[in-house]
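Topology and contacts: notes
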Amino acid sequence: MRKNKADKKSEFLSRFSIRAFVVFFTLIALPAAASEKKTIGEVEDLVLLPWGVTIGARIDTGAATSSLDVCEVNVKGKLVEFTLPDRCGGAKYTLPLRGWKQVKSATGLSRRPVVKIEICIAGQKIPTKVTLTDRSLLEYPFLLGRNTLREGKFIVDVGLEKTIPPAC
């Protein structure tokens, strides 16, 4: 059976309408997906959970692993005891040892204990592994690396600082 011109036109309009509908809603959905990501700056405040300790963090997409400033570290079997410096409250904590990490930094190679903590940054709770090290000579007690950034939905704008309070 041959289709007449009216049938062909109707079929064309139907296919065109469906394609236009798909393209239209795809374009509307893309900005929504991008807007789910929060923009954070090069420096942000975060909260160490569940302790409620608010500290400053340097966001470093070049560093793989996050690190926390501690002034004393004692590894006893499968547990790590550490003390936060006075600028972070000076409290002592004990967490399970999650392993060891060989870290290359500006001061050379070092072997650091790894613990898992939960942080709150820009309204998001993120469980993350951190190395424990002396960051007393550095301005910020926490370095937030890209492995932690992957867990959240962030865009880093190095021209900004303290964009969103760490309320969780």
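Residues numbered from 1 in each chain as written. Predicted model: local features only at pLDDT ≥ 70, side-chain atom pairs only at ≥ 80, totals over all residues. Heavy atoms only, no water.

**What about the nonpolar core?**
Where we set the bar: Nonpolar core, defined: a set of buried Ala, Val, Leu, Ile, Met, Phe, Trp, Tyr and Cys residues in which side-chain atoms within 4.5 Å join the residues together. Exposure categories follow from relative accessible area, calculated using a 1.4 Å probe and restricted to protein chains: below 20% of the type maximum is buried, above 50% is exposed, and the middle band is partly exposed. Elements are defined by DSSP. Helices are runs of H or I of four residues or more, strands are runs of E of two residues or more, and each kind is numbered from the N terminus. Contacts were defined at the residue level, with two residues in contact if any of their heavy atoms lie within 4.5 Å.
Among the nonpolar cores identified, the biggest contains 28 residues, and Leu-48, Leu-68, Phe-82, Leu-84, Ile-119, Ile-121 and Phe-142 are the most heavily contacted of them. Mapped by element, the contributors of at least two residues to this core are strand E1 (38-49), strand E2 (53-59), strand E5 (79-83), strand E6 (92-96), strand E8 (108-121), strand E9 (124-133) and strand E10 (142-144). When sequence neighbours within four positions are dropped, the list of residues in contact with Ile-121 reads Ile-40, Glu-44, Asp-45, Leu-46, Ile-59, Ile-126, Leu-144, Phe-154, Pro-166 and Cys-168.

**Some points on the state of the cysteines**
Heads up, the condition is: The criterion for a disulfide is a pair of cysteine sulfur atoms lying within 2.5 Å.
Taken as a whole and judged by the stated rule, the model has 1 disulfide. With a sulfur-sulfur separation of 1.9 Å, Cys-120 is cross-linked through a disulfide to Cys-168. With the S-S bond torsion at 95 degrees, the cross-link from Cys-120 to Cys-168 turns out right-handed. In this pair, Cys-120 sits in strand E8 while Cys-168 sits in the segment after strand E11 (154-161), placing the two residues 48 residues apart along the sequence. In this structure Cys-120 comes out as buried when scored by relative accessible area, which is 0%. There is no disulfide at Cys-71, and the cysteine sulfur nearest it, in Cys-88, is 8.9 Å away. Judged by relative accessible area, which is 4%, Cys-88 ranks as buried.

**As for the sheet that holds strand E4 (residues 72-76)**
As a reminder of what qualifies: Between any two strands, at least two bridges found by DSSP are needed for them to pair. Each axis is a line fitted through C-alpha atoms, taken for helices only over the stretch in contact, and angles between the N-to-C directions span 0 to 180 degrees.
The 3 strands are arranged E4-E5-E6 in an open sheet whose pairing can be described as antiparallel. Every other strand in the sheet has two partners, leaving E4 and E6 as the edge strands with one partner each. Neighbour to neighbour, the strand axes of the sheet diverge by 20 degrees on average, direction disregarded. As judged from the 5 bridges shared by E4 and E5, these two strands associate in the antiparallel manner. Residue pairing across strands places Glu-72 opposite Thr-83, the latter belonging to E5.

**Focus: the packing of aromatic side chains**
Short version of the rule: Pairing of aromatic side chains requires ring centres within 6.5 Å, counting the rings of Phe and Tyr and the six-membered ring of Trp. Pairs whose planes differ by under 30 degrees are stacked, by over 60 edge-to-face, and all others tilted. The rule for a charge over a ring is simple: NZ of Lys or CZ of Arg within 6 Å of the ring centre, and within 35 degrees of the ring normal.
Summed over all chains, the structure comprises 3 aromatic pairs. Ring geometry for Trp-51 and Phe-82: centres 6.3 Å apart, planes at 70 degrees, overall edge-to-face. With Trp-51 in the loop between E1 and E2 and Phe-82 in strand E5, the pair connects residues that are 31 residues apart, well separated along the chain. Given a relative accessible area of 25%, Trp-51 falls into the partly exposed group. A ring pair is formed by Trp-51 and Tyr-93, whose centres lie 3.9 Å apart and whose planes are at 25 degrees; its orientation type is stacked. Residue Trp-51 is located in the loop between E1 and E2, and its partner Tyr-93 is located in strand E6; the two are separated by 42 residues in the primary sequence. In this structure an aromatic cluster arises from ring pairing among Trp-51, Phe-82 and Tyr-93. Between the NZ or CZ atom of Arg-111 and the centre of the ring of Trp-100, over which it lies, the distance is 4.2 Å.

**What about the environment of Tyr-140?**
Rules: Polar contacts, as counted here, are pairs of nitrogen or oxygen atoms within 3.5 Å of one another; within protein the pair requires one atom able to donate a hydrogen and one able to accept it, and residues that are adjacent in sequence qualify only if both atoms are side-chain atoms.
Checked against the element boundaries, Tyr-140 lands in the loop between E9 and E10. Taking the C-alpha atoms as reference points, Tyr-140 and Arg-58, separated by 82 residues in sequence, lie 6.0 Å from one another. Once residues lying within four places of it in the same chain are set aside, the contact partners of Tyr-140 are Val-43, Gly-56, Ala-57, Arg-58, Arg-87 and Arg-135. There is a polar contact of 3.3 Å between the side chain of Tyr-140 and the side chain of Glu-139.

**Considering the pattern of salt bridges**
We apply this condition: What counts as a salt bridge is simple: a side-chain nitrogen of Lys or Arg found within 4 Å of a carboxyl oxygen of Asp or Glu.
For the structure shown, the criterion picks out 5 salt bridges. The partner of Lys-162 in a salt bridge is Asp-45, and the shortest N-O contact between them spans 3.6 Å. Placement of Lys-162 in the segment after E11 and of Asp-45 in strand E1 is noted, with a sequence separation of 117 residues between them.

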